[in-house]
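Reading the structure
So the chains spell out like this:
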Amino acid sequence: MTITPRYKTSATATGGRDGKAATDDGSFAVTLAVPKELGGDGQGNNPEQLFASGYAACFLGAMKFAASQDKALPRVPADASVNATVGIGPRSDKGFGLTVELVVTLPGVDRAAGEALIAEADTICPYSHATRGNISVSLALA
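Here's a quick rundown of the structure. Quantities reported herein were computed from a predicted structural model and do not represent experimental measurements. For every chain, the first residue of the written sequence is number 1, and numbering continues from 1 onward in sequence order. The model is predicted, so local features are restricted to residues of pLDDT at least 70 and side-chain atom pairs to those at 80 or more, both for listing and for counting; the totals for chains, interfaces and linings are taken over all residues. For side-chain calculations, the full set of non-hydrogen atoms in the structure is used, while hydrogens and water are omitted.

**Observations concerning the side chain of Asp 122**
Note the threshold: Helix numbers and strand numbers start at the N terminus; a helix is a DSSP run of H or I with at least 4 residues, a strand a run of E with at least 2. In this scheme, a residue with accessible area under 20% of its type's maximum is buried, one over 50% is exposed, and one in between is partly exposed, where area comes from a 1.4 Å probe on protein chains only. Under the rule applied, a polar contact is a pair of N or O atoms within 3.5 Å (in protein, one hydrogen donor and one hydrogen acceptor; residues adjacent in sequence only if both atoms are side-chain atoms). In what follows, a contact means two residues having at least one pair of non-hydrogen atoms within 4.5 Å.
Locating Asp 122 in the fold gives a position in helix H2 (residues 111-124). A residue is classified by how much of its surface remains accessible, and Asp 122, at 16% relative accessible area, is buried. A distance of 2.8 Å separates a polar atom in the side chain of Asp 122 from a polar atom in the side chain of Ser 128. Residue contacts for Asp 122: discarding those within four places in its chain leaves Phe 59, Ser 128, Arg 132 and Leu 139.

**Looking at the packing of aromatic side chains**
Put simply, the test is: In this analysis, rings of Phe, Tyr and Trp, with Trp reduced to its six-membered ring, are considered paired at centre separations within 6.5 Å, and the interplanar angle assigns stacked below 30 degrees, edge-to-face beyond 60, and tilted for intermediate values.
Across all of its chains, the model carries three aromatic pairs by this definition. Aromatic side chains Phe 51 and Tyr 127 sit 5.7 Å apart centroid to centroid with 40° between the ring planes, which places their arrangement in the tilted category. Within this pair, whereas Phe 51 is found in helix H1 (residues 47-69), its partner Tyr 127 is found in helix H3 (residues 126-131), the two being separated by 76 residues in sequence. Chaining the aromatic ring pairs together yields one cluster made of Phe 51, Tyr 55 and Tyr 127.

**Some thoughts on the state of the cysteines**
Inclusion rule: A pair of sulfur atoms, both from cysteines and within 2.5 Å, is called a disulfide here.
One pass over the structure, following the stated rule, counts zero disulfides. Cys 125 provides the cysteine sulfur closest to Cys 58, a residue in no disulfide bond, and the two sulfurs are 3.6 Å apart.

**Brief notes about the layout of surface pockets**
Selection criterion: For each structure, a 1 Å grid was placed over the protein atoms alone; sets of points admitting a 1.4 Å probe that cannot get out are labelled cavities, open sets with protein on both sides within 12 Å along at least five of seven lines are labelled pockets, and lining residues have an atom within 4 Å of a point. Grid points are joined across faces, edges and corners, and a volume is the space filled by probe spheres set on the points.
The volume enclosed by the largest pocket comes to roughly 370 Å³. Contributing elements (two or more residues each) for the lining of the largest pocket: strand E1 (11-14) and strand E2 (20-23). When residues of the lining of the largest pocket are assigned to their parent elements, the largest contribution, three residues, is made by E2.

**Topic: a nonpolar patch on the surface**
Rules: Only residues whose relative accessible area exceeds 30% and that form no salt bridge are eligible for patches; like-charged ones are grouped when within 9 Å, while nonpolar side chains (Val, Leu, Ile, Met, Phe, Trp, Tyr) are grouped when within 5 Å. Where accessible areas are quoted, they stem from the Shrake-Rupley method and a 1.4 Å probe; at the residue level, only the protein chains shown are allowed to cover. Here a salt bridge means any side-chain nitrogen of Lys or Arg lying within 4 Å of a carboxyl oxygen belonging to Asp or Glu.
There is a patch of nonpolar side chains on the surface, built from Leu 38, Ile 88 and Phe 96 and spanning about 290 Å² of accessible area. Looking at the element boundaries, Ile 88 is found in strand E4 (residues 81-90).

Now the structure itself:
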């Protein structure tokens, strides 16, 4: 498989989970903090929140792309949403691992058509490609 990137971005993190991160172009900056559940003060954002936001947005974009390419799929309603829940915890072997749950809301879309759209988006979304076989990801239509 060959990928020819059409867009690249860079970000730099300092201080680890209790630090800062920003895009190199200055368009985005965030203060990072370990969540209270993992022993931190929670006074900032964490990588799991950023990952959840990115995956949700990307998956919604993949649904829109899929619908634009296959006229048999339903259009994505303007009020559609994707909720991504990212979990982090110790692995049974070593280190830490992630889990992801994506819940898609497609108001006014028939259930079977919505599920077909979600399945097709999962074959398109680069986050889905990156996580497939690496972490547990569940997909559901609300």
